[in-house]
Amino acid sequence: MSSRKFRVLDSHVNIGRGELRDDPIKSGITPEHILQLMAESGVDRSIIFPASRPSGFSDANQEVADYVKQYPDSFMGFGRIRSKPVEPSDSLRSRAKKLVFRVPGIRRSTWNALRNRFEILRTKNTKQFDQECQDELERCFDVHRLHGIKVHPDEDGYPSAAVLEVMENHRKPFLLHCGHGISLRRIEKDIIKPFTMPIILAHMGGYPA
């Protein structure tokens, strides 16, 4: 703690293993590295939340909660939720590449069959996915005791009305990434106007609105 009369809070810190291994700011971020940067920059406390995980954030939210317990004076934890299933392009392209590598001469019809099957399953599981998202949100607050939620609409999807109702009931801060590809009008219409929970619009000074 420095001798200055005010404390510095960094309200936007990605942390954890993540899944985007080719992006160093979205994966492999250790608490020790964050603590070192905080000391060098004069930051007294940081709000941490999971780095990008296209497959979902259940394990990552637990990871954040563990870091907060380990360093309670330095970290405040936010959870993160994925409000849309993984798109076919996210998973099937990877699976198709593996098939092409393992099975020479694979036909385009096989790729199309995989894609169509995934679409059917994704449609059937939309309601189930939304319920799981609500359950994870409740777990963030009731089990992990996290202080808020971060959502990156472009990566994680826009939260459903049911998910937003859970946020409203808990009255926890809701941090929304705002930048390229994000509809500020949609955020205003669907989130800011209908609800009264605290809302943080991140990066509004760093991206063109």
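Throughout, a residue's number is its position along its own chain's written sequence, starting from 1. Confidence filtering applies because this is a predicted model: local features only for residues at pLDDT of at least 70, side-chain atom pairs given and counted only at 80 or more, and all residues used for totals across whole chains, interfaces and linings. Side-chain numbers here rest on the full set of heavy atoms in the structure, without hydrogens or water.

1. Remarks on the nonpolar core
Selection rule: We define the nonpolar core as a collection of buried residues of types Ala, Val, Leu, Ile, Met, Phe, Trp, Tyr and Cys that are connected through side-chain atoms lying within 4.5 Å of one another. Buried residues are those whose accessible area, probed at 1.4 Å on protein chains only, stays under 20% of the maximum for their type, while exposed residues exceed 50% and partly exposed ones sit between those limits. A run of H or I in DSSP becomes a helix once it reaches four residues, and a run of E becomes a strand once it reaches two; helices and strands are each numbered from the N terminus. In this analysis, two residues are considered to be in contact whenever any of their non-hydrogen atoms come within 4.5 Å of each other.
Ile 15, Ile 48, Phe 75, Leu 137, Ile 149 and Phe 174 are the most contacted members of the largest nonpolar core, which totals 33 residues. At the level of elements, strand 1 (9-15), helix 1 (31-41), helix 2 (58-70), helix 5 (126-142), strand 4 (148-151), helix 7 (161-170), strand 5 (174-177) and helix 8 (184-192) are the ones that each hand at least two residues to this core. Look past the residues within four positions of Phe 75 in its chain and what remains in contact with it is Ile 15, Pro 31, Ile 34, Leu 35, Met 38, Arg 45, Ser 46, Ile 48, Tyr 67 and Val 68.

2. Remarks on the packing of helix 5 against helix 7
Note the threshold: Helix axes are fitted only over the stretch in contact, all axes being lines through C-alpha atoms; the angle between N-to-C directions runs from 0 to 180 degrees. Put simply, angles under 35 degrees are roughly parallel, angles over 145 are roughly antiparallel, angles from 65 to 115 are roughly perpendicular, and the rest are oblique. Should the near helix be turned anticlockwise from the far one by less than a right angle, the crossing is termed left-handed; should it be turned clockwise, right-handed. Any residue that is not Ala, Val, Leu, Ile, Met, Phe, Trp, Tyr, Cys, Pro, Asp, Glu, Lys or Arg is counted as polar, Gly included; the first ten are nonpolar and the last four charged.
Contact pair helix 5 / helix 7: the axes reach a minimum separation of 9 Å and the direction vectors enclose 15°. Overall, the two elements helix 5 and helix 7 adopt an arrangement that is roughly parallel. In this structure, helix 5 meets helix 7 at a crossing whose hand is right-handed. Across the interface between the two elements, Asp 130, Cys 133, Gln 134, Leu 137, Glu 138, Phe 141 and Asp 142 from helix 5 touch Ala 162, Val 163, Val 166, Met 167 and His 170 from helix 7. The residue inventory of the contact of helix 5 with helix 7, partitioned by class, reads seven nonpolar, two polar and three charged.

3. A short note on the sheet that holds strand 3 (residues 75-80)
For the record, the criterion: At least two DSSP bridges between two strands are needed for those strands to be called paired.
As summarised here, the arrangement of the six strands in space is 1-2-3-4-5-6, forming an open sheet in which the pairing is parallel. Sheet topology places strand 1 and strand 6 (199-202) at the edges, where each strand pairs with a single neighbour. Sheet twist, expressed as the mean angle between neighbouring strand axes with direction ignored, is 30°. Where strand 1 and strand 2 (residues 45-50) come together, five bridges link them in parallel fashion. Residue Leu 9 lies in a different strand from strand 2, and its bridge partner there is Arg 45.

4. Some details on the pattern of salt bridges
The condition that has to hold: Take a side-chain nitrogen of Lys or Arg and a carboxyl oxygen of Asp or Glu: if they are within 4 Å of each other, that pair is a salt bridge.
For the structure shown, the criterion picks out six salt bridges. The salt bridge involving Lys 189 is made with Asp 190; its shortest N-O contact spans 3.3 Å. Owing to a relative accessible area of 59%, Lys 189 belongs among the exposed residues under this scheme. Assessed through its relative accessible area of 30%, Asp 190 is described here as partly exposed.

5. Focus on the packing of aromatic side chains
Short version of the rule: Only rings of Phe, Tyr and Trp enter the pairing, Trp through its six-membered ring, and a pair is recorded when the two centres are within 6.5 Å. The plane angle decides the type: under 30 degrees is stacked, over 60 is edge-to-face, the rest tilted. The criterion is that NZ of a Lys, or CZ of an Arg, lies within 6 Å of the ring centre and within 35 degrees of the ring normal, and then a charge sits over that ring.
Evaluation of the coordinates by the stated rule reveals one aromatic pair. Seen in terms of ring centroids, Tyr 71 and Phe 75 are 5.8 Å apart; in terms of plane orientation they differ by 75°. Their pairing is edge-to-face. When the ring centre of Tyr 158 is taken as origin, the NZ or CZ atom of Arg 186, which lies over that ring, is 3.9 Å away.

6. Observations concerning helix 2
Inclusion rule: By definition here, a helix of n residues has an expected span of 1.5 Å times n minus one.
Compared with an ideal rise of 1.5 Å per residue, which puts 13 residues at 18 Å, helix 2 spans 19 Å between its outermost C-alpha atoms and is within 8% of the ideal. Looking at the buried residues of helix 2, the elements they touch are strand 1, helix 1, strand 2, strand 3 and helix 5.

7. With respect to a negative patch on the surface
Note the cut-off: What makes a patch is a set of residues exposed beyond 30% relative accessible area and free of salt bridges, joined within 9 Å when like-charged and within 5 Å when nonpolar (Val, Leu, Ile, Met, Phe, Trp, Tyr). For accessible areas, the Shrake-Rupley method is used with a probe of radius 1.4 Å. Any residue's cover is judged against the shown protein chains and nothing else. Within this scheme the basic residues Lys and Arg register as positive and the acidic residues Asp and Glu register as negative, but His and the chain ends are omitted. Here the site of a charge means NZ on Lys, CZ on Arg, CG on Asp, or CD on Glu.
Taken together, the side chains of Glu 132, Asp 135, Glu 138 and Asp 142 present a region of like negative charge at the surface. Locating Asp 135 in the fold gives a position in helix 5. By relative accessible area, which is 35% here, Asp 135 ends up partly exposed.

Keep in mind these values describe shape, not function.
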